[in-house]
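Residue-level listing of the chains:
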Amino acid sequence: MNKNSIFWTLVALVIGISLIYTFTGTENPELYQETIEAERERQFKFLKYNMESPLTEDQKQELDSLDFYPIDPSYKVRARMVPVANKRILEIPMTDGSIERYIRHSFAEFELAEKPVKLLLLQAEDETDLRNFFLAFADETSGEETYGGGRYLNLRQDGQSSITIDFNLAFNPYCAYNPDFACPIPPRENILEIPIKAGEKNYDK
């Protein structure tokens, strides 16, 4: 095989691998692991050092790590977005009894562990980027291995009618660290009857 043939064979191989990643949602496992670990490290540094951290100075001094489930790629899913028929304002109760307003935008529909799941995607009333969404959820780990008030994900629509949800990036609300902060309570549509053993666990005070 001449050099030109070898070159085009390698090009075809690279393109083929890229297409497999595109259509199956597969990605380099090592790169995926590094990406999640980097985000978790960023989260830790924010809580430990940032002036806007919900932690008190004493808590910052004591914090040496956050507790997470092992990274599991099966908790990264591609969901179909089904628009809510009436995108009305939903008043979400906060942990301090106040109310925060969100738009009921879409339902994210997908399968997890061979079970159908349907979650309500919310959008901040004043959101300027209409591809950004907020997901607050609770599951069977809530109040046990994870924070009882649920966990959050900030999501960005990455398809015409689809969105990627990676529960490995699920994080605790500020009130999980400090009760002086008020946090949105997950809507009833997002109370799951399955365990989500991915993302951040309980904060160890």
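For the structure itself, consult the block above.
Residues numbered from 1 in each chain as written. Predicted model: local features only at pLDDT ≥ 70, side-chain atom pairs only at ≥ 80, totals over all residues. Heavy atoms only, no water.

Visitor: Can you help me understand the pairing of strand β1 (residues 76–83) in this one?
Guide: Side chains on a regular strand alternate between the two faces of the sheet. Relative to strand β7 (residues 162–166), β1 is paired through five bridges, and the arrangement is antiparallel. From the neighbouring strand, Val 77 faces β7, where its bridge partner is Ile 165. Where β1 meets strand β3 (residues 99–112), four bridges bridge the pair, whose relative direction is antiparallel. Bridging from a neighbouring strand, Val 82 pairs with Phe 107 of β3. (Pairing = 2+ DSSP bridges. Helix = DSSP H or I, 4+ residues; strand = E, 2+ residues; numbered from the N terminus.)

Visitor: Can you help me understand the packing of aromatic side chains in this one?
Guide: In this description, a pair of aromatic rings is defined by centroid distance and the angle of the planes. All told, the structure shown has seven aromatic pairs when counted by the stated rule. Their ring planes at 45° and their centres at 6.2 Å tell us that Phe 110 and Phe 167 sit as a pair that is tilted. Placement of the pair is Phe 110 in strand β3 and Phe 167 in the segment after β7, with a sequence separation of 57 residues. Like Phe 110, the residue Phe 167 is buried in the burial classification. What links up through ring pairs into an aromatic cluster is the set Tyr 102, Phe 134, Tyr 152 and Phe 171. Its end group placed over the ring of Tyr 69, Lys 201 keeps NZ or CZ at 4.7 Å from the ring centre. (Phe/Tyr/Trp six-rings, centres within 6.5 Å; stacked < 30°, edge-to-face > 60°. Buried < 20%, exposed > 50% of the residue type's maximum accessible area, 1.4 Å probe, protein only. Lys NZ or Arg CZ within 6 Å of the ring centre and 35° of its normal.)

Visitor: Mind showing me how you'd approach the pairing of strand β2 (residues 89–93) here?
Guide: Residues Leu 90 and Ile 92 of β2 are buried on one face, while the alternating residues Ile 89, Glu 91 and Pro 93, pointing to the opposite face, are not. For β2 and β3, the ladder comprises five bridges, and the chain directions are antiparallel. Pairing of Ile 92 across the sheet is with Glu 100, part of β3. Between β2 and β3, which pair antiparallel in sequence order, lie five residues; one of them, Gly 97, sits at a positive phi of approximately 95°.

Visitor: How do you make sense of the pattern of salt bridges when you look at a structure like this?
Guide: It is possible for side chains of opposite charge to pair when their charged atoms get near one another. In total, this model carries 11 salt bridges according to the counting rule given. With a shortest N-O distance of 2.7 Å, Glu 39 and Arg 42 are connected by a salt bridge. Separated by three residues within a single helix, Glu 39 and Arg 42 lie in helix α2 (residues 29–49), roughly one turn from each other. You can call Glu 39 partly exposed: its relative accessible area is 29%. Close ionic contact of Arg 156 with Asp 129 constitutes a salt bridge, the shortest N to O distance being 2.7 Å. (Salt bridge = Lys/Arg side-chain N within 4 Å of Asp/Glu carboxyl O.)

These figures capture arrangement, not role.
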